[in-house]
Protein chains: 2
Amino acid sequence: MVRAGVAFLTEKGFATTGLDEILQSVKVPKGSFYHYFESKEAFGVELIKNYAVYFAELLDSNYLNENLPPLERIAAFMEEAKNNMARYEFRRGCLVGNLGQEMAVIPDAFRQLLIETLHDWQSRTAACLKLAQKEKQISAELDCDMVAASFWIGWEGAVLRAKLERSGAPIDIYATHFLNGIHK
Amino acid sequence: MVRAGVAFLTEKGFATTGLDEILQSVKVPKGSFYHYFESKEAFGVELIKNYAVYFAELLDSNYLNENLPPLERIAAFMEEAKNNMARYEFRRGCLVGNLGQEMAVIPDAFRQLLIETLHDWQSRTAACLKLAQKEKQISAELDCDMVAASFWIGWEGAVLRAKLERSGAPIDIYATHFLNGIHK
């Protein structure tokens, strides 16, 4: 049910996805749904939390990979995320970015959760950048927390554009420009 | 009617905005609407075209401002766009970014139009960057078309994030990082 929910939300968004639609796709009766969740909103909160953890693991599997220099780990994360999008023909975006775009029509409870999620991903990226700084891949003058913040701000734009163009090219352009901008 | 349409679409998006809602807000009867537009989709196309022109003018008013060096013109555009968002308490985003995010649920006819619009804005930005290159504000080695592409890819992320955080801070962070990354 959670997997189906994530699929619908990354593709269509929250407001335009009906609960019935999700439940039908996994053949779960509505009664069973309310056994687990109080409402569509509570289900949404669970989906965000779930996605946050899934994505943090994807980040860590790259950022903590000691076989690569730190900057190359960030590049590898971007490549993996792009390939994941390609697998769904760039129809699915980032759950967090999608919901962020829906601010006016989604429950307010989602807002803080989305911001926290982005901050969590950001801090993981900052840690990897600090490592790159230690290994002198990037200048000692760079503020890694700010660079990581900027990375995530722009990243959601790259995912959005990849979805619009149904192509990985926007992610490649963003990745190249991001890495060029900080590389020594 | 077009103004009301843009307001709804930048705030709520296309799929979740009902035609009735827009028409009621400007007290236009449905009959009159169909006198001007064939469908909600045709109206949407008109809104995108309208927004594309409005925004191109906003870009040009900054990019062609000969009182500032080229890079400062780009900075001024970002500042103006941020202030425009602040005027609506960061509830409204970019029409093009919003619709881009809705890919799965909006008419396919919008897609090409959105891509063309972004390319138009991109080429205006590239022209300003080439001027910056001529005036030696940025390195002669930079590929201005690629930098402009990257700028717009990330920019939509910055607008999205400003909307999510209801704050101009993400735009400031993005602007700083973008300009630092290319400044000589």
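One can find the structure itself at the top, above this paragraph.
What comes next is a walk through the structure. (Residues numbered from 1 in each chain as written. Chains lettered and ligands numbered in written order. Predicted model: local features only at pLDDT ≥ 70, side-chain atom pairs only at ≥ 80, totals over all residues. Heavy atoms only, no water.)

**Brief notes about the environment of Ala126(A)**
Residue and element names in this part refer to chain A. We apply this condition: Only runs of H or I of at least four residues qualify as helices and only runs of E of at least two qualify as strands under DSSP, and these elements are numbered from the N terminus. Contacts were defined at the residue level, with two residues in contact if any of their heavy atoms lie within 4.5 Å.
Locating Ala126 in the fold gives a position in helix H7 (residues 108-134). Put simply, Ala126 and Phe151 are 25 residues apart on the chain and 9.6 Å apart in space, counted from C-alpha to C-alpha. Those residues in contact with Ala126, other than ones at most four positions away along the chain, are Cys144, Asp145 and Ala148.

**Some details on the pattern of salt bridges**
Applicable threshold: Whenever a carboxyl oxygen of Asp or Glu lies within 4 Å of a side-chain nitrogen of Lys or Arg, that contact is scored as a salt bridge. For every residue, the accessible area obtained with a 1.4 Å probe (protein chains only) is divided by the maximum for its type, and the residue is called buried under 20%, exposed over 50%, and partly exposed between those limits.
Throughout the structure, instances matching the rule amount to 24 salt bridges over all chains. Here Glu89(A) ties to Arg91(A) by a salt bridge, and the two come within 3.2 Å at their closest N and O atoms. With a relative accessible area of 34%, Arg91(A) lands in the partly exposed category. For the salt bridge of Arg161(B) with Glu165(B), the shortest nitrogen-to-oxygen distance reads 2.9 Å. With Arg161(B) and Glu165(B) both in helix H8 (residues 144-165) and four residues apart, this pair spans about one turn of that helix. A single salt-bridge network, built from bridges that share partners, covers Glu11(A), Glu89(A), Arg91(A) and Arg92(A).

**Regarding unusual backbone geometry**
Phi angles above zero are rare outside glycine, and Glu89(A) is one such case at about 50°. Among the structural elements, Glu89(A) can be located in the loop between helix H5 (70-87) and helix H6 (95-101). The class of Glu89(A) is exposed, set by a relative accessible area of 51%. One non-glycine residue with positive phi stands out, namely Phe90(B), at about 60°. Following the sequence through the fold, Phe90(B) ends up in the loop between helix H5 (70-87) and helix H6 (95-101).

**Side note on helix H7 (residues 108-134) of chain B**
To keep it simple, the criterion reads: Expected span, for any helix, means 1.5 Å times one less than how many residues it has.
The end-to-end C-alpha distance of H7(B) is 40 Å, a good match for the 39 Å that 27 residues give at a rise of 1.5 Å each. In the segment just after H7(B), Lys136(B) is the residue with positive phi, at about 60°.

**Observations regarding empty space enclosed by the protein**
Over the atoms rolls a probe the size of a water molecule, and its path tells where empty space is left. To keep things clear, this is the line we draw: Cavities and pockets were defined on a 1 Å grid built from protein atoms only: a cavity is a group of points that admits a 1.4 Å probe but offers it no way out, a pocket is an open group of points flanked by protein on both sides within 12 Å along at least five of seven lines, and a lining residue is one with an atom within 4 Å of any such point. Grid points are joined across faces, edges and corners, and a volume is the space filled by probe spheres set on the points. Residues are grouped as follows: Ala, Val, Leu, Ile, Met, Phe, Trp, Tyr, Cys and Pro are nonpolar; Asp, Glu, Lys and Arg are charged; every other residue, Gly included, is polar.
Counting across every chain of the model gives three cavities of 30 Å³ or more. Looking at the largest cavity, its volume works out to about 150 Å³. If you trace the largest cavity, you find 17 residues lining it, with Gln101(A), Glu102(A), Lys12(B), Asn98(B) and Glu102(B) closest to the centre. Those elements that provide at least two residues to the lining of the largest cavity are H6 of chain A together with H6 of chain B. Split into classes, the residues belonging to the lining of the largest cavity amount to three nonpolar, eight polar and six charged.

**With respect to the packing of aromatic side chains**
Counted only if it meets this: Stacked, tilted and edge-to-face are the three classes assigned to paired rings of Phe, Tyr and Trp, where Trp is represented by its six-membered ring and a pair needs centres within 6.5 Å; plane angles under 30 degrees give stacked, over 60 edge-to-face, the rest tilted. A ring is scored as having a charge over it whenever the NZ atom of a lysine or the CZ atom of an arginine sits within 6 Å of its centre and within 35 degrees of its normal.
On inspection of all chains with the given rule, the structure shows 47 aromatic pairs over all chains. Arranged with centres 5.7 Å apart and planes meeting at 25°, the rings of Tyr51(A) and Phe55(A) form a pair that is stacked. Here Phe55(A) and Tyr51(A) lie together in helix H4 (residues 40-63), a separation of four residues that amounts to about one turn. For the pair formed by Tyr51(A) and Phe55(A), the shared burial category is buried. With a centroid separation of 5.8 Å and an interplanar angle of 20°, the aromatic rings of Phe151(A) and Trp155(A) are classed as stacked. Of this pair, Phe151(A) and Trp155(A) both sit in helix H8 (residues 144-165), four residues apart, roughly one helical turn. Note on accessibility: Phe151(A) and Trp155(A) belong to one class, buried. Among the aromatic residues, ring-to-ring pairing joins Tyr51(A), Tyr54(A), Phe55(A), Tyr63(A), Phe77(A), Trp121(A), Phe151(A), Trp152(A), Trp155(A), Tyr174(A) and Phe178(A) into one connected group. Between the NZ or CZ atom of Arg92(B) and the centre of the ring of Tyr88(B), over which it lies, the distance is 3.9 Å.

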